[in-house]
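Single-letter residue listing:
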Amino acid sequence: MTTYPSVTVEGKTTVVIGGTSGIGEAIALGFADDGADVVATSRTPEAVAETAEKLRERGARTIEQTCDVADRSSIEELCDTTVAEFDDVDVLVNSAGTAARSTFLSLDEADWERVLDVQLTGVFRTCQVFADRMDSGSIVNISSMSADLARTRLMPYCAAKAGVNALTRCAAKELAPDIRVNAIAPGFVMTPLTQETYGDGTQIRADIDERTPLGRVADREEIVGSAIYLGSDSASFTTGEVLFVDGGFTQSAL
Ligand SMILES: NC(=O)c1ccc[n+]([C@@H]2O[C@H](COP(=O)([O-])OP(=O)(O)OC[C@H]3O[C@@H](n4cnc5c(N)ncnc54)[C@H](O)[C@@H]3O)[C@@H](O)[C@H]2O)c1
């Protein structure tokens, strides 16, 4: 009988940056449920401790370490602490997120800088620091379908995510064959970042439901399977790819 690499991250040491809320936390908990050891991090110790408790309840080994992707030294500290505890890192997931809503002409340059610093340069920093220390493995960047769309009043966000896709492809080429680098491009997902905008009863929510072939926004848990796949040995020949998980939104037209 032929054996196939399994779609599992069991036994893999995984670091999820932006892993204490929304999509990142769902991925951290999903990986733990699948048997991975998981370090879920963000800037605040309380949030890190809360998610660490949920990880331990699922039987995962973890450590509590904050990280700010805007600060290279804190990424280096996270990497050092994780390697000291687990010896190696198998999977890095980048899910830190922020946004600024403004029209182009009134966009404050400081907001442009802030969004680019977290959403694009932050991914550059974490990929560079971790890839230098990983013997082999997989990096999964949470991009967005917005990389390919002109979203209303979200110019820095769209530009940052387009950059993440380009960074993903370039890093995949340079880090091959030992480290695979891929991105996930979610569509509209209900999380703390979006619940005010996409909440029940808003016009934008009605528009999303109408224009999305699957007819709704996603639950954050619906992004987890794609991350497990890309982190697993089953994706051993997939690198430099952007996997859309958007309910069909990007490819649909009138
Ligand atoms: N929710 C959606 O509809 C959606 C769609 C497509 C892509 N995304 C992307 O998914 C990722 C997660 O978004 P979410 O919706 O789960 O948001 P969220 O606000 O629930 O989670 C974002 C996480 O990033 C952390 N974070 C923010 N700034 C940070 C920094 N400087 N350093 C470290 N951590 C930081 C936050 O503390 C939080 O844990 C983001 O990159 C976002 O752009 C979200």
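Refer to the structure printed above.
What you see is a predicted model, and the numbers here were worked out from it, not measured in a lab.

Calculation criteria
Residues numbered from 1 in each chain as written. Predicted model: local features only at pLDDT ≥ 70, side-chain atom pairs only at ≥ 80, totals over all residues. Heavy atoms only, no water. Near = heavy atom within 4 Å. Polar contact = N/O pair within 3.5 Å; in protein donor to acceptor, adjacent residues only side chain to side chain. Areas by Shrake-Rupley, 256 points an atom, 1.4 Å probe, with all protein chains shown as cover. Helix = DSSP H or I, 4+ residues; strand = E, 2+ residues; numbered from the N terminus. Nonpolar A, V, L, I, M, F, W, Y, C, P; charged D, E, K, R; others polar. Phe/Tyr/Trp six-rings, centres within 6.5 Å; stacked < 30°, edge-to-face > 60°. Buried < 20%, exposed > 50% of the residue type's maximum accessible area, 1.4 Å probe, protein only. Pairing = 2+ DSSP bridges. Axes fitted to C-alpha atoms, helices over the stretch in contact; angles between N-to-C directions.

Draft legend 1. Representation of the site of the ligand within the structure. Close to the ligand lie 29 residues, the nearest being S21, I23, Y157, V189 and T191. Side-chain polar atom of D68 to a nitrogen atom of the ligand: 2.9 Å apart, as the coordinates give it. One of the backbone nitrogen or oxygen atoms of G187 is found 3.5 Å away from an oxygen atom of the ligand. Here the ligand has 820 Å² of accessible area as a free molecule, and 93% of this is covered by the chains. Sorting the residues of the shell around the ligand by element identifies α1 (22-33), α4 (109-131) and α5 (155-175) as the ones contributing at least two each. For the shell around the ligand, the class distribution of residues is 13 nonpolar, 13 polar and three charged.

Draft legend 2. Up close: the packing of aromatic side chains. One pass over the structure, following the stated rule, counts two aromatic pairs. With a centroid separation of 5.2 Å and 85° between ring planes, the pair formed by F188 and Y198 is classed as edge-to-face. Taken together, the positions of F188 in the loop between β5 (179-186) and α6 (195-198) and Y198 in helix α6 put the pair 10 residues apart, joining distant regions of the chain. Each ring, one from F188 and one from F249, has its centre 5.1 Å from the other, and the planes form 85°; the classification is edge-to-face. Of this pair, F188 sits in the loop between β5 and α6 while F249 sits in the segment after β6 (242-245), and the two are 61 residues apart along the sequence. The burial state of F188 is the same as that of F249; both residues are buried.

Draft legend 3. Spatial organisation of the sheet that holds β5. On the basis of which strands lie adjacent, the open sheet formed by six strands has the order β2-β1-β3-β4-β5-β6 and parallel pairing. Each edge of the open sheet is held by one strand with a lone partner, namely β2 (37-41) and β6. On average, each strand axis in the sheet is inclined to that of its neighbour by 15°, with strand direction left out of account. Across six bridges, the pairing between strand β4 (residues 137-142) and β5 is parallel.

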